[in-house]
Amino acid sequence: MEDGCFKFLGKIRGENIEFVFLVIAVVGLIATIIFGFLQVVIPFLRGEVKFSKRFPFITNVRPTTSKDTELRPESKGELSAPREKQEPARIDLHVSAEGHEAVKSIAVLPFTDISPQKDQEYFCDGVSEELINALTKVEDLRVVARTSAFAFKGKTEDIREIGKKLNVKTVLEGSVRKAGNNLRITAQLINVDDGYHLWSERYDRQMEDIFTIQDEISQAIVETLKLKLLGEEEAILVKHHTENLEAYNFYLKGRYYWNKRTGESLQRGIEYFEQAIKKDPGYALAYSGLADCYILLPWYSGLPPKKVVAKAKESAIKALELNDTLAEAHTSLAYAMTTHEWDWSGAEREFKRSFGLNPTYATAHQWYAEYLLYLGRLDEAIAEVERALECDPLSLVINSLMGWLLYAERRYDQAIEQFKKTLELDPNFYVANLVIGMTYVQKEMFEEAKKSFQKAKVLSGGATMADALLGHAFALVGKKKEARKVLDELKREAKRMYIPPLDIAVVYVGLNEKDLAFEWLEKAFEERSIWMIILRVDPIFDNVRSDSRLQDLLRRIYFSDTCHHQNIHWT
(Lines give C-alpha, C1' and ligand atoms only; values in the text may rest on other atoms or scores of the structure.)
Protein backbone atom coordinates (compact mmCIF):
# COMPACT_ATOMS: atom_id res chain seq x y z
CA MET A 1 0.00 0.00 0.00
CA GLU A 2 2.70 2.47 1.03
CA ASP A 3 4.76 1.57 -2.04
CA GLY A 4 1.73 2.25 -4.25
CA CYS A 5 1.16 5.68 -2.70
CA PHE A 6 4.79 6.73 -3.10
CA LYS A 7 4.78 5.57 -6.72
CA PHE A 8 1.57 7.61 -7.37
CA LEU A 9 2.97 10.76 -5.74
CA GLY A 10 6.19 10.40 -7.54
CA LYS A 11 4.36 10.11 -10.82
CA ILE A 12 2.38 13.27 -10.06
CA ARG A 13 5.51 15.09 -8.86
CA GLY A 14 7.20 14.33 -12.01
CA GLU A 15 4.32 14.97 -14.37
CA ASN A 16 1.99 17.69 -12.87
CA ILE A 17 3.34 19.42 -9.71
CA GLU A 18 1.47 22.64 -10.60
CA PHE A 19 -1.87 20.81 -10.34
CA VAL A 20 -1.02 19.63 -6.78
CA PHE A 21 -0.34 23.15 -5.58
CA LEU A 22 -3.56 24.37 -7.18
CA VAL A 23 -5.65 21.69 -5.41
CA ILE A 24 -4.07 22.53 -2.03
CA ALA A 25 -4.74 26.25 -2.48
CA VAL A 26 -8.38 25.75 -3.44
CA VAL A 27 -9.03 23.41 -0.50
CA GLY A 28 -7.42 25.90 1.91
CA LEU A 29 -9.47 28.79 0.55
CA ILE A 30 -12.72 26.85 0.89
CA ALA A 31 -11.87 25.87 4.48
CA THR A 32 -11.07 29.51 5.38
CA ILE A 33 -14.36 30.77 3.95
CA ILE A 34 -16.38 28.14 5.80
CA PHE A 35 -14.57 28.83 9.09
CA GLY A 36 -15.03 32.59 8.76
CA PHE A 37 -18.71 32.18 7.88
CA LEU A 38 -19.31 30.07 10.98
CA GLN A 39 -17.43 32.59 13.16
CA VAL A 40 -19.98 35.27 12.19
CA VAL A 41 -23.21 33.31 11.76
CA ILE A 42 -23.03 31.30 15.00
CA PRO A 43 -22.50 34.39 17.26
CA PHE A 44 -25.22 36.20 15.29
CA LEU A 45 -27.70 33.41 15.95
CA ARG A 46 -26.72 33.52 19.63
CA GLY A 47 -27.39 37.28 19.79
CA GLU A 48 -23.71 38.10 20.37
CA VAL A 49 -23.22 40.18 17.21
CA LYS A 50 -24.90 43.22 15.68
CA PHE A 51 -24.37 44.48 12.13
CA SER A 52 -23.80 48.14 11.41
CA LYS A 53 -26.68 49.81 9.61
CA ARG A 54 -24.26 52.14 7.90
CA PHE A 55 -21.71 49.47 6.95
CA PRO A 56 -23.48 46.06 6.79
CA PHE A 57 -20.22 44.19 6.33
CA ILE A 58 -18.81 45.42 9.68
CA THR A 59 -19.70 43.52 12.79
CA ASN A 60 -19.27 44.06 16.49
CA VAL A 61 -18.68 40.67 18.08
CA ARG A 62 -18.65 40.47 21.84
CA PRO A 63 -18.05 37.00 23.29
CA THR A 64 -19.63 36.27 26.65
CA THR A 65 -17.42 34.75 29.33
CA SER A 66 -17.72 33.81 32.95
CA LYS A 67 -15.63 36.85 33.81
CA ASP A 68 -18.10 39.17 32.15
CA THR A 69 -19.34 40.93 35.26
CA GLU A 70 -17.81 43.54 37.50
CA LEU A 71 -18.91 45.30 40.67
CA ARG A 72 -20.38 48.77 40.60
CA PRO A 73 -20.90 50.79 43.80
CA GLU A 74 -24.57 51.39 44.47
CA SER A 75 -25.74 54.96 44.99
CA LYS A 76 -25.86 54.52 48.74
CA GLY A 77 -22.19 53.68 48.78
CA GLU A 78 -23.00 50.53 50.75
CA LEU A 79 -23.84 47.73 48.36
CA SER A 80 -22.51 46.43 45.10
CA ALA A 81 -24.36 44.75 42.27
CA PRO A 82 -23.17 43.02 39.09
CA ARG A 83 -23.46 44.83 35.80
CA GLU A 84 -22.51 43.89 32.30
CA LYS A 85 -18.87 44.54 31.59
CA GLN A 86 -18.37 46.59 28.45
CA GLU A 87 -15.92 45.88 25.67
CA PRO A 88 -12.51 47.37 26.53
CA ALA A 89 -11.37 47.90 22.93
CA ARG A 90 -11.08 51.32 21.30
CA ILE A 91 -14.35 52.59 19.93
CA ASP A 92 -14.75 51.95 16.21
CA LEU A 93 -16.62 54.99 15.03
CA HIS A 94 -18.00 53.05 12.05
CA VAL A 95 -19.84 50.62 14.29
CA SER A 96 -23.45 51.50 15.04
CA ALA A 97 -24.33 53.18 18.31
CA GLU A 98 -26.49 50.21 19.32
CA GLY A 99 -23.36 48.18 19.85
CA HIS A 100 -21.85 50.76 22.16
CA GLU A 101 -24.30 51.55 24.92
CA ALA A 102 -21.34 51.72 27.29
CA VAL A 103 -19.89 54.88 25.75
CA LYS A 104 -23.03 56.86 26.54
CA SER A 105 -21.67 58.16 29.82
CA ILE A 106 -19.22 60.99 30.37
CA ALA A 107 -17.47 62.99 33.05
CA VAL A 108 -16.29 66.51 32.23
CA LEU A 109 -13.28 67.19 34.42
CA PRO A 110 -12.42 70.77 35.45
CA PHE A 111 -10.27 72.37 32.78
CA THR A 112 -6.73 73.32 33.81
CA ASP A 113 -5.66 76.96 33.96
CA ILE A 114 -2.39 77.40 32.04
CA SER A 115 -2.74 81.16 31.68
CA PRO A 116 0.41 83.22 32.34
CA GLN A 117 -1.02 84.80 35.51
CA LYS A 118 -2.76 81.61 36.75
CA ASP A 119 -5.80 83.74 37.54
CA GLN A 120 -8.44 82.02 35.41
CA GLU A 121 -9.50 79.15 37.70
CA TYR A 122 -13.06 80.49 37.92
CA PHE A 123 -13.19 80.72 34.11
CA CYS A 124 -11.87 77.17 33.66
CA ASP A 125 -14.45 75.88 36.11
CA GLY A 126 -17.14 77.83 34.26
CA VAL A 127 -16.18 76.37 30.88
CA SER A 128 -16.38 72.84 32.33
CA GLU A 129 -19.71 73.56 34.02
CA GLU A 130 -21.21 75.00 30.83
CA LEU A 131 -20.19 71.85 28.94
CA ILE A 132 -21.77 69.68 31.64
CA ASN A 133 -25.00 71.67 31.37
CA ALA A 134 -24.93 71.42 27.57
CA LEU A 135 -24.34 67.66 27.46
CA THR A 136 -27.20 66.96 29.87
CA LYS A 137 -29.49 67.96 27.00
CA VAL A 138 -28.33 65.01 24.91
CA GLU A 139 -30.69 62.07 24.81
CA ASP A 140 -29.40 58.80 26.35
CA LEU A 141 -26.18 60.36 27.60
CA ARG A 142 -25.46 60.03 31.32
CA VAL A 143 -23.45 63.06 32.43
CA VAL A 144 -21.77 63.10 35.84
CA ALA A 145 -22.70 66.20 37.82
CA ARG A 146 -20.26 68.98 38.57
CA THR A 147 -19.53 68.12 42.20
CA SER A 148 -18.41 64.57 41.46
CA ALA A 149 -16.40 65.49 38.37
CA PHE A 150 -14.69 68.33 40.24
CA ALA A 151 -13.68 65.98 43.07
CA PHE A 152 -10.58 65.23 40.98
CA LYS A 153 -9.58 68.86 40.57
CA GLY A 154 -5.86 69.38 41.05
CA LYS A 155 -5.19 65.66 41.29
CA THR A 156 -3.08 63.51 38.98
CA GLU A 157 -5.19 60.40 39.20
CA ASP A 158 -5.16 58.01 36.25
CA ILE A 159 -8.04 58.52 33.81
CA ARG A 160 -8.99 54.85 34.02
CA GLU A 161 -9.26 55.07 37.79
CA ILE A 162 -11.40 58.20 37.52
CA GLY A 163 -13.69 56.42 35.08
CA LYS A 164 -14.03 53.50 37.46
CA LYS A 165 -14.91 55.73 40.42
CA LEU A 166 -17.47 57.71 38.44
CA ASN A 167 -18.76 54.67 36.52
CA VAL A 168 -18.33 56.33 33.12
CA LYS A 169 -16.79 55.18 29.86
CA THR A 170 -15.53 58.50 28.55
CA VAL A 171 -13.84 61.50 30.13
CA LEU A 172 -13.42 64.99 28.73
CA GLU A 173 -10.44 66.99 29.95
CA GLY A 174 -8.83 70.16 28.73
CA SER A 175 -7.02 73.38 29.46
CA VAL A 176 -7.53 77.12 29.09
CA ARG A 177 -4.94 79.76 28.34
CA LYS A 178 -6.23 83.32 28.44
CA ALA A 179 -4.07 86.36 27.77
CA GLY A 180 -5.92 89.63 27.36
CA ASN A 181 -8.72 88.97 24.87
CA ASN A 182 -6.91 86.00 23.34
CA LEU A 183 -8.19 82.57 24.26
CA ARG A 184 -6.78 79.11 23.64
CA ILE A 185 -8.84 76.11 24.72
CA THR A 186 -7.76 72.52 24.21
CA ALA A 187 -10.03 69.56 24.81
CA GLN A 188 -9.57 65.78 24.62
CA LEU A 189 -12.21 63.06 24.79
CA ILE A 190 -10.71 59.86 26.22
CA ASN A 191 -11.94 56.28 26.26
CA VAL A 192 -11.59 55.17 29.88
CA ASP A 193 -11.08 51.45 29.19
CA ASP A 194 -7.82 51.82 27.28
CA GLY A 195 -6.82 55.48 27.69
CA TYR A 196 -6.95 56.21 23.95
CA HIS A 197 -8.00 59.62 22.66
CA LEU A 198 -11.27 59.44 20.73
CA TRP A 199 -11.16 63.10 19.75
CA SER A 200 -9.07 66.18 20.47
CA GLU A 201 -9.07 69.77 19.27
CA ARG A 202 -7.44 73.13 19.91
CA TYR A 203 -9.31 76.43 19.60
CA ASP A 204 -7.47 79.73 19.16
CA ARG A 205 -10.09 82.44 19.32
CA GLN A 206 -11.08 85.73 20.84
CA MET A 207 -12.94 85.91 24.14
CA GLU A 208 -16.22 86.80 22.45
CA ASP A 209 -16.17 83.38 20.75
CA ILE A 210 -16.41 81.46 24.05
CA PHE A 211 -20.03 80.35 23.51
CA THR A 212 -19.26 79.13 19.99
CA ILE A 213 -16.26 77.16 21.27
CA GLN A 214 -18.32 75.50 23.99
CA ASP A 215 -20.97 74.53 21.48
CA GLU A 216 -18.39 73.18 19.01
CA ILE A 217 -16.88 70.99 21.73
CA SER A 218 -20.30 69.68 22.73
CA GLN A 219 -21.24 68.94 19.11
CA ALA A 220 -17.92 67.15 18.53
CA ILE A 221 -18.56 64.88 21.53
CA VAL A 222 -22.06 64.10 20.31
CA GLU A 223 -20.75 63.26 16.84
CA THR A 224 -17.90 61.15 18.20
CA LEU A 225 -20.17 59.13 20.45
CA LYS A 226 -22.87 58.90 17.75
CA LEU A 227 -25.62 60.18 20.02
CA LYS A 228 -28.96 61.79 19.29
CA LEU A 229 -29.84 65.32 20.28
CA LEU A 230 -33.14 66.24 21.86
CA GLY A 231 -35.26 67.96 19.26
CA GLU A 232 -33.49 69.20 16.15
CA GLU A 233 -30.41 67.18 15.20
CA GLU A 234 -28.28 70.28 14.79
CA ALA A 235 -29.60 72.07 17.88
CA ILE A 236 -27.39 74.52 19.71
CA LEU A 237 -26.40 72.85 22.98
CA VAL A 238 -24.92 75.86 24.76
CA LYS A 239 -27.66 78.41 25.47
CA HIS A 240 -26.54 82.02 25.43
CA HIS A 241 -28.16 83.44 28.58
CA THR A 242 -26.30 86.70 28.05
CA GLU A 243 -24.32 88.32 25.25
CA ASN A 244 -22.45 90.53 27.71
CA LEU A 245 -19.02 88.97 28.34
CA GLU A 246 -18.41 91.01 31.47
CA ALA A 247 -21.69 89.79 32.94
CA TYR A 248 -20.79 86.23 31.96
CA ASN A 249 -17.42 86.51 33.72
CA PHE A 250 -19.04 87.85 36.88
CA TYR A 251 -21.56 84.99 36.76
CA LEU A 252 -18.77 82.41 36.51
CA LYS A 253 -17.02 83.96 39.52
CA GLY A 254 -20.30 83.91 41.45
CA ARG A 255 -20.82 80.19 40.79
CA TYR A 256 -17.19 79.52 41.66
CA TYR A 257 -17.67 80.98 45.15
CA TRP A 258 -21.16 79.48 45.60
CA ASN A 259 -19.70 76.03 45.14
CA LYS A 260 -17.20 76.59 47.97
CA ARG A 261 -20.08 76.46 50.50
CA THR A 262 -18.81 78.70 53.31
CA GLY A 263 -20.40 81.79 54.80
CA GLU A 264 -17.62 84.00 53.43
CA SER A 265 -17.68 82.46 49.94
CA LEU A 266 -21.45 82.83 49.70
CA GLN A 267 -21.16 86.53 50.49
CA ARG A 268 -18.58 86.91 47.72
CA GLY A 269 -20.83 84.96 45.39
CA ILE A 270 -23.63 87.45 46.08
CA GLU A 271 -21.32 90.33 45.19
CA TYR A 272 -20.37 88.79 41.83
CA PHE A 273 -23.94 87.85 40.90
CA GLU A 274 -25.04 91.40 41.68
CA GLN A 275 -22.28 92.74 39.41
CA ALA A 276 -23.41 90.38 36.65
CA ILE A 277 -26.97 91.69 37.00
CA LYS A 278 -25.73 95.27 36.93
CA LYS A 279 -23.98 94.59 33.61
CA ASP A 280 -27.01 92.73 32.21
CA PRO A 281 -30.31 93.33 34.08
CA GLY A 282 -31.96 90.64 31.94
CA TYR A 283 -29.52 87.90 32.96
CA ALA A 284 -31.89 85.28 34.46
CA LEU A 285 -29.15 82.82 35.44
CA ALA A 286 -27.44 85.48 37.54
CA TYR A 287 -30.67 86.04 39.49
CA SER A 288 -30.90 82.27 39.98
CA GLY A 289 -27.34 82.20 41.32
CA LEU A 290 -28.15 85.08 43.66
CA ALA A 291 -31.14 83.12 44.98
CA ASP A 292 -28.96 80.05 45.59
CA CYS A 293 -26.48 82.06 47.66
CA TYR A 294 -29.23 83.54 49.84
CA ILE A 295 -30.79 80.07 50.18
CA LEU A 296 -27.62 78.62 51.74
CA LEU A 297 -26.55 81.55 53.90
CA PRO A 298 -28.65 80.60 56.97
CA TRP A 299 -27.10 77.12 56.94
CA TYR A 300 -23.48 78.26 56.59
CA SER A 301 -23.41 81.62 58.38
CA GLY A 302 -24.80 83.31 61.46
CA LEU A 303 -27.24 85.53 59.59
CA PRO A 304 -30.93 85.70 60.60
CA PRO A 305 -32.95 83.59 58.15
CA LYS A 306 -36.03 85.77 57.79
CA LYS A 307 -34.53 88.57 55.72
CA VAL A 308 -32.07 86.34 53.85
CA VAL A 309 -34.55 83.73 52.64
CA ALA A 310 -36.99 86.45 51.57
CA LYS A 311 -34.27 87.77 49.26
CA ALA A 312 -33.78 84.24 47.93
CA LYS A 313 -37.43 83.99 46.93
CA GLU A 314 -37.42 87.47 45.41
CA SER A 315 -34.37 86.64 43.29
CA ALA A 316 -35.80 83.28 42.16
CA ILE A 317 -39.08 84.89 41.11
CA LYS A 318 -37.20 87.55 39.14
CA ALA A 319 -35.22 84.83 37.36
CA LEU A 320 -38.44 83.06 36.40
CA GLU A 321 -40.01 86.30 35.17
CA LEU A 322 -37.07 86.59 32.78
CA ASN A 323 -36.94 82.89 31.86
CA ASP A 324 -39.54 80.42 33.07
CA THR A 325 -37.59 77.43 31.68
CA LEU A 326 -34.72 77.58 34.20
CA ALA A 327 -34.74 74.41 36.30
CA GLU A 328 -32.30 76.07 38.69
CA ALA A 329 -34.65 78.95 39.43
CA HIS A 330 -37.66 76.67 40.01
CA THR A 331 -35.50 74.62 42.40
CA SER A 332 -34.38 77.73 44.31
CA LEU A 333 -37.96 78.97 44.62
CA ALA A 334 -39.08 75.54 45.85
CA TYR A 335 -36.41 75.45 48.53
CA ALA A 336 -37.20 78.98 49.70
CA MET A 337 -40.85 77.96 50.01
CA THR A 338 -39.77 74.91 52.02
CA THR A 339 -37.36 76.43 54.49
CA HIS A 340 -38.99 79.80 55.15
CA GLU A 341 -42.60 79.95 54.07
CA TRP A 342 -43.41 76.32 54.86
CA ASP A 343 -45.54 76.35 51.73
CA TRP A 344 -45.42 72.61 51.18
CA SER A 345 -47.82 72.32 48.24
CA GLY A 346 -46.22 75.27 46.43
CA ALA A 347 -42.73 73.88 46.98
CA GLU A 348 -43.65 70.46 45.61
CA ARG A 349 -45.18 72.04 42.54
CA GLU A 350 -41.96 73.95 41.83
CA PHE A 351 -39.78 70.87 42.38
CA LYS A 352 -41.88 68.88 39.90
CA ARG A 353 -41.59 71.72 37.39
CA SER A 354 -37.81 71.63 37.78
CA PHE A 355 -37.67 67.88 37.17
CA GLY A 356 -39.68 68.33 33.98
CA LEU A 357 -37.16 70.88 32.71
CA ASN A 358 -33.98 69.06 33.78
CA PRO A 359 -34.38 65.56 35.27
CA THR A 360 -30.62 65.24 35.91
CA TYR A 361 -30.19 68.40 38.02
CA ALA A 362 -28.70 66.84 41.16
CA THR A 363 -29.39 69.82 43.44
CA ALA A 364 -33.12 69.58 42.66
CA HIS A 365 -33.18 65.92 43.71
CA GLN A 366 -31.11 66.73 46.82
CA TRP A 367 -33.36 69.57 47.98
CA TYR A 368 -36.51 67.63 47.17
CA ALA A 369 -35.18 64.76 49.30
CA GLU A 370 -34.77 67.25 52.16
CA TYR A 371 -38.33 68.45 51.56
CA LEU A 372 -39.56 64.84 51.87
CA LEU A 373 -37.45 64.37 55.01
CA TYR A 374 -39.04 67.38 56.71
CA LEU A 375 -42.48 65.97 55.92
CA GLY A 376 -41.52 62.60 57.38
CA ARG A 377 -41.79 60.80 54.02
CA LEU A 378 -38.51 59.02 54.65
CA ASP A 379 -38.80 56.14 52.19
CA GLU A 380 -39.48 58.58 49.37
CA ALA A 381 -36.65 60.80 50.57
CA ILE A 382 -34.14 57.94 50.43
CA ALA A 383 -35.26 57.06 46.89
CA GLU A 384 -34.77 60.71 45.89
CA VAL A 385 -31.27 60.83 47.40
CA GLU A 386 -30.41 57.73 45.39
CA ARG A 387 -31.49 59.58 42.24
CA ALA A 388 -29.31 62.52 43.25
CA LEU A 389 -26.35 60.20 43.79
CA GLU A 390 -26.83 58.69 40.34
CA CYS A 391 -26.27 62.19 38.96
CA ASP A 392 -23.58 63.19 41.46
CA PRO A 393 -22.03 60.13 43.16
CA LEU A 394 -19.16 61.91 44.92
CA SER A 395 -21.10 64.90 46.24
CA LEU A 396 -20.23 65.39 49.90
CA VAL A 397 -23.50 67.08 50.78
CA ILE A 398 -25.65 64.45 49.03
CA ASN A 399 -23.73 61.58 50.62
CA SER A 400 -24.14 63.31 53.98
CA LEU A 401 -27.85 63.69 53.33
CA MET A 402 -28.11 59.93 52.91
CA GLY A 403 -26.52 59.55 56.35
CA TRP A 404 -28.91 62.13 57.78
CA LEU A 405 -31.90 60.20 56.45
CA LEU A 406 -30.63 56.97 58.03
CA TYR A 407 -30.17 58.92 61.28
CA ALA A 408 -33.76 60.20 61.06
CA GLU A 409 -34.94 56.60 60.55
CA ARG A 410 -33.08 55.64 63.76
CA ARG A 411 -30.81 53.33 61.74
CA TYR A 412 -27.80 54.65 63.61
CA ASP A 413 -25.22 52.01 62.73
CA GLN A 414 -25.91 52.40 59.01
CA ALA A 415 -25.87 56.18 59.39
CA ILE A 416 -22.44 56.10 61.03
CA GLU A 417 -21.15 53.83 58.26
CA GLN A 418 -22.47 56.23 55.62
CA PHE A 419 -20.93 59.28 57.31
CA LYS A 420 -17.58 57.50 57.60
CA LYS A 421 -17.65 56.80 53.86
CA THR A 422 -18.43 60.46 53.24
CA LEU A 423 -15.53 61.52 55.46
CA GLU A 424 -13.24 59.22 53.51
CA LEU A 425 -13.94 61.50 50.54
CA ASP A 426 -13.17 64.58 52.64
CA PRO A 427 -12.44 64.28 56.38
CA ASN A 428 -12.90 68.05 56.74
CA PHE A 429 -16.47 68.29 55.51
CA TYR A 430 -18.39 70.25 58.14
CA VAL A 431 -21.87 68.73 57.70
CA ALA A 432 -20.69 65.11 57.92
CA ASN A 433 -18.69 65.84 61.07
CA LEU A 434 -21.66 67.59 62.68
CA VAL A 435 -24.32 64.97 61.97
CA ILE A 436 -22.15 61.94 62.69
CA GLY A 437 -21.70 63.56 66.13
CA MET A 438 -25.48 63.71 66.49
CA THR A 439 -25.63 60.02 65.59
CA TYR A 440 -22.94 59.15 68.14
CA VAL A 441 -25.07 60.85 70.82
CA GLN A 442 -28.00 58.56 70.03
CA LYS A 443 -25.63 55.57 70.28
CA GLU A 444 -24.36 56.90 73.63
CA MET A 445 -20.84 57.16 72.18
CA PHE A 446 -20.24 60.49 73.89
CA GLU A 447 -16.47 60.76 73.54
CA GLU A 448 -16.75 60.24 69.78
CA ALA A 449 -19.60 62.76 69.67
CA LYS A 450 -17.57 65.36 71.55
CA LYS A 451 -14.63 65.06 69.14
CA SER A 452 -16.95 65.36 66.13
CA PHE A 453 -18.69 68.48 67.46
CA GLN A 454 -15.40 70.15 68.33
CA LYS A 455 -14.02 69.44 64.87
CA ALA A 456 -17.24 70.64 63.22
CA LYS A 457 -17.03 73.96 65.05
CA VAL A 458 -13.48 74.55 63.85
CA LEU A 459 -14.34 73.57 60.28
CA SER A 460 -17.40 75.83 60.19
CA GLY A 461 -15.52 78.85 61.46
CA GLY A 462 -17.39 78.84 64.77
CA ALA A 463 -20.94 77.61 64.07
CA THR A 464 -22.89 77.74 67.32
CA MET A 465 -24.98 74.68 66.43
CA ALA A 466 -21.93 72.53 67.20
CA ASP A 467 -21.74 74.15 70.67
CA ALA A 468 -25.45 73.60 71.25
CA LEU A 469 -25.24 69.92 70.32
CA LEU A 470 -22.23 69.47 72.59
CA GLY A 471 -24.17 71.11 75.45
CA HIS A 472 -27.08 68.77 74.72
CA ALA A 473 -24.73 65.76 74.90
CA PHE A 474 -23.21 66.97 78.19
CA ALA A 475 -26.70 67.18 79.69
CA LEU A 476 -27.61 63.65 78.59
CA VAL A 477 -24.57 62.10 80.28
CA GLY A 478 -25.22 63.97 83.51
CA LYS A 479 -22.56 66.64 83.06
CA LYS A 480 -25.04 69.42 83.77
CA LYS A 481 -22.40 71.87 84.91
CA GLU A 482 -20.68 71.66 81.52
CA ALA A 483 -24.06 71.89 79.76
CA ARG A 484 -24.98 75.08 81.64
CA LYS A 485 -21.59 76.54 80.83
CA VAL A 486 -22.33 76.06 77.13
CA LEU A 487 -25.79 77.58 77.68
CA ASP A 488 -24.40 80.66 79.40
CA GLU A 489 -21.87 81.15 76.62
CA LEU A 490 -24.58 80.99 73.94
CA LYS A 491 -26.70 83.57 75.76
CA ARG A 492 -23.70 85.84 76.22
CA GLU A 493 -22.88 85.60 72.50
CA ALA A 494 -26.52 86.37 71.65
CA LYS A 495 -26.05 89.88 73.06
CA ARG A 496 -23.48 90.78 70.42
CA MET A 497 -24.40 88.57 67.44
CA TYR A 498 -27.24 86.50 66.08
CA ILE A 499 -27.62 83.11 67.78
CA PRO A 500 -30.44 80.88 66.47
CA PRO A 501 -32.98 80.41 69.30
CA LEU A 502 -33.15 76.74 68.40
CA ASP A 503 -29.52 76.34 69.56
CA ILE A 504 -30.48 77.35 73.08
CA ALA A 505 -33.66 75.26 72.96
CA VAL A 506 -31.58 72.15 72.10
CA VAL A 507 -29.53 72.50 75.28
CA TYR A 508 -32.66 72.94 77.40
CA VAL A 509 -34.15 69.81 75.81
CA GLY A 510 -31.03 67.90 76.88
CA LEU A 511 -31.40 69.26 80.41
CA ASN A 512 -35.08 68.21 80.33
CA GLU A 513 -36.14 71.74 81.25
CA LYS A 514 -39.18 71.68 79.01
CA ASP A 515 -40.75 75.03 79.84
CA LEU A 516 -37.57 76.92 78.91
CA ALA A 517 -37.06 74.69 75.87
CA PHE A 518 -40.50 75.59 74.50
CA GLU A 519 -40.00 79.26 75.32
CA TRP A 520 -37.01 79.28 72.95
CA LEU A 521 -38.73 77.07 70.39
CA GLU A 522 -41.50 79.67 70.18
CA LYS A 523 -38.89 82.35 69.49
CA ALA A 524 -37.46 80.16 66.73
CA PHE A 525 -40.92 79.74 65.26
CA GLU A 526 -41.58 83.51 65.27
CA GLU A 527 -38.44 84.25 63.31
CA ARG A 528 -39.07 81.38 60.87
CA SER A 529 -35.87 79.58 61.80
CA ILE A 530 -34.93 77.08 59.08
CA TRP A 531 -34.04 74.56 61.79
CA MET A 532 -37.67 74.38 62.93
CA ILE A 533 -38.54 72.00 60.11
CA ILE A 534 -36.34 69.27 61.60
CA LEU A 535 -38.61 69.00 64.68
CA ARG A 536 -40.79 66.45 62.91
CA VAL A 537 -38.01 63.86 62.49
CA ASP A 538 -34.98 64.63 64.65
CA PRO A 539 -34.38 62.13 67.50
CA ILE A 540 -33.06 65.00 69.64
CA PHE A 541 -36.68 65.96 70.38
CA ASP A 542 -37.94 62.46 71.15
CA ASN A 543 -38.14 63.14 74.89
CA VAL A 544 -40.61 66.02 74.28
CA ARG A 545 -42.43 64.49 71.33
CA SER A 546 -45.55 63.64 73.29
CA ASP A 547 -45.79 67.15 74.77
CA SER A 548 -48.88 69.00 73.52
CA ARG A 549 -46.79 72.13 72.93
CA LEU A 550 -44.67 70.30 70.37
CA GLN A 551 -47.81 68.99 68.72
CA ASP A 552 -49.09 72.55 68.46
CA LEU A 553 -45.83 73.79 66.91
CA LEU A 554 -45.87 71.01 64.33
CA ARG A 555 -49.44 71.79 63.36
CA ARG A 556 -48.54 75.41 62.79
CA ILE A 557 -45.48 74.50 60.71
CA TYR A 558 -47.32 71.95 58.60
CA PHE A 559 -50.62 73.79 58.41
CA SER A 560 -51.06 73.37 54.64
CA ASP A 561 -53.77 71.27 53.06
CA THR A 562 -51.00 69.19 51.50
CA CYS A 563 -49.85 67.90 54.86
CA HIS A 564 -53.35 67.01 55.98
CA HIS A 565 -53.99 65.19 52.73
CA GLN A 566 -50.66 63.37 53.13
CA ASN A 567 -51.96 62.06 56.49
CA ILE A 568 -48.88 63.26 58.34
CA HIS A 569 -48.79 62.45 62.04
CA TRP A 570 -46.92 64.50 64.59
CA THR A 571 -45.73 61.65 66.84
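**Topic: the packing of aromatic side chains**
Counted under the stated rule, the structure contains 17 aromatic pairs. Between Tyr251 and Tyr283, the aromatic rings sit 5.5 Å apart at their centres with planes inclined by 45°, giving tilted as the arrangement. A residue pair is termed long-range when its members are at least 10 positions apart, and Tyr251 in helix H7 (residues 245–258) and Tyr283 in the loop between helix H8 (263–279) and helix H9 (284–300) qualify at 32 residues. Here the two residues Tyr251 and Tyr283 agree in accessibility, since each one is buried. Over the ring of Tyr122 we find Lys253; its NZ or CZ atom is 4.9 Å from the centre of that ring. A cation over an aromatic ring shows up here: Arg528 above the ring of Trp342, its NZ or CZ 4.1 Å from the ring centre.

**Some details on the packing of helix H19 (residues 464–476) against helix H20 (residues 480–494)**
Closest axis-to-axis distance for the H19/H20 pair is 7 Å, and the angle between their directions is 155°. Relative to H20, H19 is oriented roughly antiparallel. Where H19 crosses over H20, the two elements pack in a sense that is left-handed. For the pair H19 and H20, the contacting residues are Thr464, Asp467, Ala468, Gly471, Phe474 and Ala475 in the first and Lys480, Glu482, Ala483, Val486 and Leu490 in the second.

**As for the pairing of strand S8 (residues 170–179)**
Most of S8 is tucked away: seven of the 10 residues are buried. With three bridges joining them, strand S5 (residues 105–108) and S8 adopt parallel strand pairing. By the bridge assignment for S8, Val108 is matched with Leu172. As paired strands, strand S6 (residues 112–113) and S8 are joined by two bridges and run parallel to one another. Bridging across to S8, Asp113 finds its partner in Val176.

**A word on the nonpolar core**
Core analysis: the biggest nonpolar cluster contains 177 residues, and Phe111, Phe123, Leu172, Ile217, Tyr374, Met532 and Phe541 have the highest contact counts within it. With residues near it in sequence (within four places) discarded, Phe123 still touches Val176, Leu183, Met207, Ile210, Tyr248, Asn249 and Leu252.

**Looking at helix H16 (residues 412–425)**
With 14 residues, H16 should cover 20 Å at 1.5 Å per step; its first-to-last C-alpha distance of 20 Å lies within 8% of that length. Those residues of H16 that sit buried are Tyr412, Ala415, Ile416, Gln418, Phe419, Thr422 and Leu423. When H16 is viewed along its axis, its buried side chains cluster within an angular range of 165° and face the same direction. Residues of H16 that are exposed and angled more than 90 degrees away from the buried face: Asp413 and Glu424. Residues of H16 that are buried in the fold lie against helix H15 (396–408) and helix H17 (430–442).

**Notes on helix H21 (residues 501–511)**
With 11 of 11 residues buried, H21 lies mostly within the body of the structure. Regarding H21, the residues found buried are Pro501, Leu502, Asp503, Ile504, Ala505, Val506, Val507, Tyr508, Val509, Gly510 and Leu511. Tucked inside the fold, the buried residues of H21 contact H19, H20 and helix H22 (514–526). Positive backbone phi, approximately 65°, marks Asn512, located one or two places after H21.

Rules behind the numbers
- Residues numbered from 1 in each chain as written.
- Predicted model: local features only at pLDDT ≥ 70, side-chain atom pairs only at ≥ 80, totals over all residues.
- Heavy atoms only, no water.
- Phe/Tyr/Trp six-rings, centres within 6.5 Å; stacked < 30°, edge-to-face > 60°.
- Helix = DSSP H or I, 4+ residues; strand = E, 2+ residues; numbered from the N terminus.
- Buried < 20%, exposed > 50% of the residue type's maximum accessible area, 1.4 Å probe, protein only.
- Lys NZ or Arg CZ within 6 Å of the ring centre and 35° of its normal.
- Axes fitted to C-alpha atoms, helices over the stretch in contact; angles between N-to-C directions.
- Parallel < 35°, antiparallel > 145°, perpendicular 65-115°, else oblique.
- Left-handed = near helix turned anticlockwise from the far one by under 90°.
- Contact = heavy atoms within 4.5 Å.
- Pairing = 2+ DSSP bridges.
- Core = buried A, V, L, I, M, F, W, Y, C linked by side-chain atoms within 4.5 Å.
- Expected span 1.5 Å × (residues − 1).
- Arc of directions from axis to C-beta.

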